[in-house]
Amino acid sequence: MEDARQLATNIILDLRWVSPEDVTRVGAKAANLASLIQAGFPVPDGIVLTTDARAHLSGAGPSGTKLRTILEEVVDRSGSSSLAVRSSGVAEDHPDASFAGQYQTVLDVQGLDALEEAVYHCWDSVLESHVTAYRATHGSDATDMAILIQRMVDADAAGVAFSANPVTGVRQEAVINAVRGLGDRLVSGEASPDEWVVSGDDARCETSTEQAIDADQALAIAEMTRRVEAHFGTPQDIEWAISGGRLHLLQARPITALPEPPVEPIPIEVEIPPGFWFFDASHASDSHVPIDAFLIDLVKPASASWSEEFGYLFDGVEFRMIGGWPYQRMVPLGDRQGPVLPTWLMWILVRTVPMLRRRIVRAIETVRSDKPGRYIDRWHDEWQPEMERSIARLREVELNYLTDQELLIHIDRAHQLMFRGLQIHMLCAGAVAPILYELVNRATELLGWDAATTMELVSGTSYKSTEPARRLRDLADLASNSPELLRFVENRNEMTLERLREVNREFSERFSAYLQEYGCRALGHTTLGAPTLSEKPTLLLGVIAGQIEHGYNPDRDREANAHRRAEALRQAEERLGDRQEDIEELRRVVARAVKAYPVREDNEFFCFSSPLALLRYAALEIGRRLVDRNVIDAPEDVLYLQLDEARTALMDANDRRPRVLRSKGEWAWVKQNPGPPHYGKPPDGPPSFDFLPREARLIMESLIWNNDIIMAPEESSRQGAPSTTLTGIPASPGEYTGTVRIVMGDTQFDKIQPGDVVVCPITSPVWSVVFPIIGALVADTGGVLSHPAIIAREYRIPAVVATASATSNLHDGDLVTVDGTTGVVRLSTS
């Protein structure tokens, strides 16, 4: 390739002569390498087929002949050297969308026929379904493709390196992964790499299974990463190789999703509003980022209409961020807080106060017209299809193609969908509560059963909530039948996706389709700050590997759950003996509950998780545009603005860095200062509803019961001394002994190993994808109808909730026995 400059035309360029203005013709990867080679970095020489090349050179006839002629000259000039053929997309290797693993690379190419085949293989990768799904998620234009052809480096050792620690975000640490031979062994999962961490002149080896490099070489690689970072002005992820003692630079791109370095905490004022507020552990176990504030404003109007609809004697639920943490309260009628009134006075008030009379009439109508049953039908027949269609429409929008004004309209639509989802969610909650309350009441009266035992009559019916995990099992079956693919999945890393399609095209396409359908689901339960499933593909590959290792069988679980329900009903009827009237009554309430019970969990997917993910995608698209306009430093910084601030910033393009920095400091302080279980004076207890007509009494009692059985606020907030035995609420029967894994949030799924006892503050519905691989569950908060309890019963794993302090009293690696029948967790001291 010594005279490759002579090949420079509109369709072929030598790396040494590519200019920054050529990036739209050569792609980001080639442009980055050209910049580096021209700056004196040891980049292998090569040529680029520009983005115009395919239109002018591909296909049969003269065009194809011309391509072959050009490639023949490339082969001749390379002599006996092998070549590396790599896709270079215009949209890849950006800080917010690396496209790592989405396009194709073909190594060790020898001869004209192999080179021509490799070029077409890379060209074809731009239109593959997994690239389309990635583009939709990241709002990037991935349709323009150049091809980079370089000399292969006959590596003695190779790998990747980061100029900043990609896990901790520490900028002063370089992290290096190294294997012997070609880096392909690292990508394929064939080898577990050595890991070096370099800080200043100190190089320490964390793992050394390969013994690929020594400390001096690690220092040299780290120094090169720092020089590459200085060249581009941002932390870099590089690929490198050592051959004959010489260090080569093979690729460089910005580190995506780099954690923020520690910031100085900035105290905020903690304003405590009047009334009794309790920590909303059922919806959030962590603080919210500033952009989440709009969610707080949506809840009160949605819940107020819900209260009016069912005839509740209160004005809905209000949420507040107090000290940066989410709290909620029940809003009294007219928003007047006061002591619980005696029954005789309430009896007078409900007959003289028009507002109370209207609510009671509505409550009576709710029961007599079976509004709960009708709304359950509406969920199945009307609301779920409505939300599903709306989500699909917004999910298909390619955000990067929208104008600023169109993007703001899209955000408005996603915002409206979020509000509509909240309204439906509230109506579903109002419908489910009296139906399940009736079931538990009748089971207690007729059989003497408690709520946990009664749930056996309906467990295993939340089919939609478990569907994401069942669909992953299909991919696990495919991986199990391919040793090479299985090795990829088991030894996954951020580079695994780069060759996944080469290993198994069917798996790659089906995995991409899975991300498209189920990836639009927020990992954080009520926050835009957490990534979605589609942003964490290697996490899902880990879940697939765990399903294989743990032997998850959804058909077996479904049959076992059906058997469990049938057996529970048989035992109940046997206990009732010849009391046929009671048997018929039990069958009636069970049939209603079986239809209603899954709605409690399933509506979360459509009403909350997916709309929240759509809003995150839109917010990050604003963030990308603000970075381009030098308003903020990284797309994720937009999350530290409120939604209205982000919209305004998009229009005025004024610098928001000071605002973001302050928000990050305040958020750091909030993280260090969690709030108490509640603020304000707790009520004396629920009022007596004896003054109400029977129907209105049922509605109010079911509400109080539902709140307690979902959140169990008293049990979840109790304080106790450290002990080898923890007690909580039995949530899913059975006993299991295993190793503790503390998982404080959805983004720590990668900590989970098959068979672990997961100990967490609370779970959200998206956790259902990891439940098939765990042995048992322990939660600080929640009741019998909380998310962790319902999903644990779906997967037939023992669970104890409302332990209050499991995450602080237990530690990773502890051996515990979880008794989900009695609600006891015992720590082994041996």
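Keep in mind the model is a prediction, meaning the values are calculated, not measured. (Residues numbered from 1 in each chain as written. Predicted model: local features only at pLDDT ≥ 70, side-chain atom pairs only at ≥ 80, totals over all residues. Heavy atoms only, no water.)

Of the regular secondary structure elements, the chain holds 26 helices and 23 strands. When each of the 830 residues of the chain is scored for burial, the buried share is 57%. In the chain, the share of contacts with a sequence separation of at least 24, taken over all contacts with a separation of at least 6, comes to 70%. Accessible surface, the chain: about 33,300 Å² in total, of which carbon and sulfur atoms supply 50%. (Helix = DSSP H or I, 4+ residues; strand = E, 2+ residues; numbered from the N terminus. Buried < 20%, exposed > 50% of the residue type's maximum accessible area, 1.4 Å probe, protein only. Contact = heavy atoms within 4.5 Å. Areas by Shrake-Rupley, 256 points an atom, 1.4 Å probe, with all protein chains shown as cover.)

What follows covers empty space enclosed by the protein. With the rule as written, the count across this model stands at five cavities of 30 Å³ or more. Reported here for the second largest cavity is a volume of approximately 110 Å³. If you go around the second largest cavity, the residues you meet are Gly460, Tyr463, Thr466, Arg470, Tyr552, Pro554, Asp557, Arg558, Asn561, Glu794 and Tyr795. In terms of residues, the lining of the second largest cavity owes the most to one element, helix α19 (residues 554–576), which gives four residues. Tallied by class, residues from the lining of the second largest cavity come to four nonpolar, three polar and four charged. (1 Å grid on protein atoms, 1.4 Å probe; cavity = no way out; pocket = protein on both sides within 12 Å on 5 of 7 lines; lining within 4 Å. Points joined across faces, edges and corners; volume = space filled by probe spheres on them. Nonpolar A, V, L, I, M, F, W, Y, C, P; charged D, E, K, R; others polar.)

With that out of the way, let us pick up the side chain of Arg616. Among the secondary structure elements, Arg616 is positioned in helix α20 (residues 580–628). Arg616 gets classed as buried once you look at its relative accessible area, which sits at 5%. Polar contacts involving the side chain of Arg616 include one to the side chain of Glu535, which spans 2.9 Å. Beyond its immediate stretch of four places on either side in the chain, Arg616 contacts Leu528, Gly529, Ala530, Pro531, Thr532, Glu535 and Leu639. (Polar contact = N/O pair within 3.5 Å; in protein donor to acceptor, adjacent residues only side chain to side chain.)

Okay, the confidence of the model for the chain next. When pLDDT is averaged across the chain, the result is 84; 87% of the residues are at 70 or more. In this model residues 91–102 is a low-confidence stretch, pLDDT under 50, and it forms 50 contacts with partners more than four residues away in sequence or in other chains. With pLDDT under 50 throughout, residues 128–142 is counted as low confidence; its partners more than four residues away or in other chains account for 51 contacts. (pLDDT = per-residue confidence, 0-100.)

The subject of this paragraph is the sheet that holds strand β5 (residues 145–151). The strand order across the open sheet built from five strands is β1-β2-β5-β3-β4, with neighbouring strands paired in antiparallel fashion. Pairing within the sheet leaves two strands with one partner each, and these edge strands are β1 (12–14) and β4 (105–109). With strand direction ignored, the average angle separating the axes of adjacent strands in the sheet is 20°. Examined bridge by bridge, strand β2 (residues 46–49) and β5 share four bridges and lie antiparallel to one another. The residue bridging Ile47 from the neighbouring strand is Ile149, located in β5. (Pairing = 2+ DSSP bridges. Axes fitted to C-alpha atoms, helices over the stretch in contact; angles between N-to-C directions.)

Here the focus is the packing of aromatic side chains. A full pass over the atoms with the stated rule returns 19 aromatic pairs. Ring centres of Phe507 and Phe511 lie 6.0 Å apart, and the angle between their planes is 10°; on these two criteria the pair is classed as stacked. Separated by four residues within a single helix, Phe507 and Phe511 lie in helix α17 (residues 505–518), roughly one turn from each other. Taken individually, Phe507 and Phe511 each receive the classification buried, so the pair is uniform in this respect. Connected via pairs of aromatic rings, a cluster forms that spans Trp306, Phe310, Tyr312, Tyr375 and Trp383. (Phe/Tyr/Trp six-rings, centres within 6.5 Å; stacked < 30°, edge-to-face > 60°.)

All right, on to the nonpolar core then. The biggest cluster of nonpolar side chains holds 158 residues, and the ones touching the most others in it are Phe507, Ile544, Val638, Trp767, Phe771 and Leu785. The dominant element in this core, judged by the number of residues it contributes, is α20, at 22 residues. Residues within four places of Trp767 in sequence aside, it is in contact with Val743, Gly745, Asp746, Phe749, Val758, Cys760 and Ile762. Within the second largest apolar cluster, 36 residues are counted, among which are Val18, Ala161, Ala178 and Trp240. (Core = buried A, V, L, I, M, F, W, Y, C linked by side-chain atoms within 4.5 Å.)

Checked against the element boundaries, Leu815 lands in strand β22 (residues 815–819). Take Leu815: its relative accessible area is 39%, and that puts it in the partly exposed class. With 74 residues separating them in the primary sequence, Leu815 and Arg741 have C-alpha atoms 9.8 Å apart. In contact with Leu815, other than residues within four places in its own chain, are Thr737, Gly738, Thr739, Arg826, Leu827 and Ser828.

For the structure shown, the criterion picks out 57 salt bridges. For Arg395, the salt bridge is made with Glu396, and the minimal N-O distance between the two is 3.9 Å. Its salt-bridge partner being Arg564, residue Glu456 comes within 3.3 Å of it at the nearest N-O pair. Placement of the pair is Glu456 in the loop between α13 (451–454) and α14 (463–480) and Arg564 in helix α19, with a sequence separation of 108 residues. Just as Glu456 is buried, Arg564 falls in that class too. Within the structure, one salt-bridge network assembled from shared partners comprises Asp370, Glu438, Arg442, Glu445, Glu585, Arg588 and Arg592. (Salt bridge = Lys/Arg side-chain N within 4 Å of Asp/Glu carboxyl O.)

Moving on, we come to the packing of α17 against helix α18 (residues 537–550). Following both chains from N to C, one finds α17 and α18 inclined at 115°, their axes separated by 12 Å at the closest point. When the axes of α17 and α18 are compared, the pair comes out roughly perpendicular. Like other packed secondary-structure pairs, α17 and α18 cross with a definite hand, here right-handed. On α18, the residues that touch Phe507, Phe511, Tyr514 and Leu515 of α17 are Pro537, Leu540, Leu541 and Ile544. Class assignment for the residues of the contact of α17 with α18 results in eight nonpolar, no polar and no charged. (Parallel < 35°, antiparallel > 145°, perpendicular 65-115°, else oblique. Left-handed = near helix turned anticlockwise from the far one by under 90°.)

Quick look at unusual backbone geometry now. The residue Ala653 is not glycine, and still its phi comes out positive at about 60°. Structurally, Ala653 is set in the loop between α21 (643–652) and α22 (657–672). Exposure remark for Ala653: the relative accessible area of 36% places this residue in the partly exposed category. One non-glycine residue with positive phi stands out, namely Ala804, at about 75°. Along the polypeptide, Ala804 turns up in the loop between β21 (799–801) and α26 (806–809).

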